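So the chains spell out like this:
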Amino acid sequence: MFKFLFTISPITLACLIHQPVGAVVLYSGDNTANQTAPDSQRQVAFDSVARLCNSSGGGNYGSAVHIKGKYLLTANHVSTAGGYLTFDGSTILQLDGNFSSITIGTADMKLIKLLIDPQLEGTPLFSKMNKTPLADATLIGWGVGRNTATDDPNAEETVTTWAWGGSSTFAKRWGTNAIDAALLIANIENYNYSYLGLRTFLDSNAGDNEAAAGVYDSGSGLFVNDSGTWKLAGLTTLVGSHVSNASTFADAVDSPPVESEAGPLDPRDANYFVQISSFASDIEAAIPDETTLSGWKTDHSLYGDDAADTADTDNDGIPQLIEFALGGDPNLNDLSISPRLQTVQVAGETYLELQITRPTGLSGVAYTPQIADDLNSWPNDSAGVLNANPNPVDNGDGTETVTYRCAAPISNASAAFIRVQISIVP
């Protein structure tokens, strides 16, 4: 079993939370480069990376990657104390402070949640086992670049060290690298995580776009091309650095290795990531299932008394259970989801109908149409309903419409009332 040994000088391992802000550092040293998606195929990946911040957009805490809906991944050691994040640097979105972040296994990775859906396309997860090396991985992170004061790439022909810059170099950037290995990350002092990870080296021969992660890139994403789709393969967690607060790009062929009691070490700095393929199913399982009542309540930030089935947080007279069953938003006053009463003419007779629209695929909820001639005397079943289980009409937007009809025409009764009773089922 492979275990890290990072007690060897002059190598240091930086958990990306203990030093000043840093970000994707490019071998070219050009801080103005790569601040938009590299191509249309990687637009979703680029858009998915966020920066954790405070309500004003300042107070940098780390990076995060949008997965789906209101949910993102970040490194577990990254603080969410600022309570906000931004994808584009101008729109500031609030985190759900009542959502308890979910640590994924024993990895340095957790699921966090926004209060509102950012309306981004979901980020696909790379679920295949990594067969290293994998070339042309794309690292996308948000922070500062290299320090202009130490811009001296010609000091040594085969070694370039970029000190991490200040706030003036702040931006979201992308760069490329090659996944060198899949390996176990464990037994690191003051770092209580154990997981299968990925490693990239910083190579001076790999071109201007060669990417290095810095402090506060924790939680950023490493993406790979899988049959034409760019998928999240790694979540940034650690930096192995020869020089504190800097990234060193070395020539792996020409530079001599650093000798130590553990044997030769590669002269290049390294970056480390949680291997998403090892945790893809755990990540999916951690995201609340909106087709269940409990998952829907979590997704809509309903906690405590607000999570009661009879609660009405938006004061529209529709309790939470009915909001769920009819596809409502418990935080938006909207009566348009209410059942619709109508009549229909059949063979010269008039019949009473009730029509509802509901999300498709819900579980744990039952719809029972009921008919009565007295509002105080409802039956326990659907007696008198012509079509108690009608075939739904698919609306093509994730909802379906069902219509219940009284079996007897209106002319046969002095009074007729119809309703649908919604209840929880195991």
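All figures in this text were calculated on a predicted structure; none of them were measured in a lab.

Chemist: Let's hear about the overall build of the protein: which residues, and what values?
Modeler: For the protein, the helix and strand inventory stands at 4 helices and 24 strands. Each of the 426 residues in the protein was classed as buried or not, and the buried ones make up 50%. Taking the intrachain contacts of the protein between residues at least 6 apart in sequence as the baseline, contacts between residues at least 24 apart amount to 70%. For the protein, the exposed surface amounts to about 18,900 Å²; the carbon and sulfur share of it is 48%.

Chemist: Residues and numbers for the pairing of strand 19 (residues 340-346), please.
Modeler: Where strand 19 lies against strand 20 (residues 349-359), 7 bridges are found, and the strand directions are antiparallel. Note on strand 20: the bridge partner recorded for Val 344 is Tyr 351. Where strand 19 folds back onto strand 20 in an antiparallel hairpin, the turn is made up of 2 residues, including Ala 347, whose phi is positive at roughly 50 degrees.

Chemist: Talk me through the side chain of Thr 86; I want residue IDs and the actual numbers.
Modeler: Positionally, Thr 86 belongs in strand 6 (residues 84-86). Assessed through its relative accessible area of 0%, Thr 86 is described here as buried. Of note is the side chain of Thr 86, whose polar atom sits 3.4 Å from the backbone nitrogen of Asp 88.

Chemist: Tell me about the sheet that holds strand 23 (residues 399-405), and please be specific about residues and values.
Modeler: An order of 19-20-23-22 is seen for the 4 strands of this open sheet, with the pairing classed as antiparallel. The open sheet has two edge strands with one neighbour each: strand 19 and strand 22 (393-394).

Chemist: Account for unusual backbone geometry, naming residues and giving values.
Modeler: Located in the positive-phi region is Asn 190, a residue other than glycine, with phi close to 60 degrees. Examined against the element boundaries, Asn 190 turns out to sit in the loop between strand 12 (171-185) and strand 13 (195-201). Phi at Asn 315 takes a positive value of approximately 55 degrees, unusual for a residue other than glycine. Inspection of the secondary structure assignment puts Asn 315 in the loop between helix 3 (293-299) and helix 4 (320-325).

Chemist: Quick rundown of the pattern of salt bridges? Include the residues and the values.
Modeler: Across all of its chains, the model carries 10 salt bridges by this definition. The network of salt bridges with shared partners includes Lys 128, Asp 226 and Lys 231.

Chemist: Describe the environment of Leu 293, and please don't skip the residues or the numbers.
Modeler: In this fold, Leu 293 is placed in helix 3. For the pair Leu 293 and Ser 363, spaced 70 residues apart in sequence, the C-alpha to C-alpha distance is 7.8 Å. If we skip the residues at most four places from it in the chain, Leu 293 touches Asp 309, Leu 321, Phe 324 and Ile 424.

Chemist: Any details on the nonpolar core? Residues and values, ideally.
Modeler: If you look at soluble globular proteins, the nonpolar side chains tend to sit buried side by side. If you look at the biggest cluster of nonpolar residues, it comprises 36 residues, and the most contacted ones within it are Leu 73, Met 109 and Tyr 195. When residues of this core are traced back to their parent elements, those giving at least two are helix 1 (43-48), strand 4 (62-68), strand 5 (71-74), strand 12, strand 13, strand 16 (229-241), strand 18 (270-275) and helix 2 (280-286). Per-element tally for this core: the top contributor is strand 16, with 4 residues. Those residues within four positions of Met 109 in sequence are excluded, and the remaining contacts are Leu 73, Thr 74, Ala 75, Asn 76, Ile 102, Thr 103, Ile 104, Leu 235, Val 274, Ile 276, Phe 279 and Ile 283. Core analysis: the second largest hydrophobic core is formed by 24 residues, Tyr 27, Trp 162, Ala 212 and Val 224 among them.

Chemist: With reference to specific residues and values, describe the packing of aromatic side chains.
Modeler: Going through the model one piece at a time under the given rule, you end up with 5 aromatic pairs. Between Tyr 191 and Tyr 193 the ring centres are 5.0 Å apart and the planes differ by 65 degrees, which places this aromatic pair in the edge-to-face class. Each member of the pair, Tyr 191 as well as Tyr 193, is classed as buried. Directly above the ring of Phe 46 sits Lys 172, whose terminal nitrogen or CZ lies 4.6 Å from the centroid. Stacked on the ring of Tyr 367, the Lys or Arg Arg 358 has its end atom at 4.5 Å from the ring centre.

Chemist: Account for the sheet that holds strand 5, with residues named and values stated.
Modeler: Taken together, the 7 strands give an open sheet; going across it, the order is 7-6-3-4-5-9-8, and neighbouring strands pair in antiparallel fashion. Strand pairing shows two members of the sheet lacking a second neighbour, strand 7 (92-94) and strand 8 (102-103), which therefore form its edges. Looking at chain direction, strand 6 and strand 7 are connected through 3 bridges and run antiparallel. Paired with Leu 85 across the bridge in strand 7 is Leu 93.

Chemist: Could you give an account of the confidence of the model for the protein, with specific residues and numbers?
Modeler: When the pLDDT values of the protein are averaged, the result is 87; 87% of them are 70 or greater. Note on residues 1-11: pLDDT under 50 across the span, and 24 contacts to partners over four residues away in sequence or across chains.

Chemist: Can you tell me about the side chain of Asn 177, naming the residues and giving the values?
Modeler: Considering the arrangement of structural elements, one finds Asn 177 in strand 12. Within the local environment of Asn 177, its side chain forms a polar contact with the backbone oxygen of Phe 201, the two atoms lying 3.1 Å apart.

Chemist: Requested: an account of the pairing of strand 5, with residues and values cited.
Modeler: Neither face of strand 5 is left uncovered, since the one carrying Tyr 71 and Leu 73 and the one carrying Leu 72 and Thr 74 both have all their residues buried. Between strand 4 and strand 5, which pair antiparallel one after the other, the connecting turn spans 2 residues, and Gly 69 there sits at a positive phi close to 55 degrees. Strand direction decides the pairing type here: strand 5 and strand 9 (residues 110-113), joined by 4 bridges, are antiparallel. Looking at the pairing, Leu 72 lines up with Ile 112 of strand 9.

Chemist: Any details on the environment of Ile 356? Residues and values, ideally.
Modeler: Its location among the elements puts Ile 356 in strand 20. Aside from chain neighbours lying at most four places away, what touches Ile 356 is Leu 326, Pro 339, Arg 340, Tyr 367, Glu 400, Thr 401, Val 402, Tyr 404 and Val 420.

Rules used throughout
Residues numbered from 1 in each chain as written. Predicted model: local features only at pLDDT ≥ 70, side-chain atom pairs only at ≥ 80, totals over all residues. Heavy atoms only, no water. Helix = DSSP H or I, 4+ residues; strand = E, 2+ residues; numbered from the N terminus. Buried < 20%, exposed > 50% of the residue type's maximum accessible area, 1.4 Å probe, protein only. Contact = heavy atoms within 4.5 Å. Areas by Shrake-Rupley, 256 points an atom, 1.4 Å probe, with all protein chains shown as cover. Pairing = 2+ DSSP bridges. Polar contact = N/O pair within 3.5 Å; in protein donor to acceptor, adjacent residues only side chain to side chain. Salt bridge = Lys/Arg side-chain N within 4 Å of Asp/Glu carboxyl O. Core = buried A, V, L, I, M, F, W, Y, C linked by side-chain atoms within 4.5 Å. Phe/Tyr/Trp six-rings, centres within 6.5 Å; stacked < 30°, edge-to-face > 60°. Lys NZ or Arg CZ within 6 Å of the ring centre and 35° of its normal. pLDDT = per-residue confidence, 0-100.

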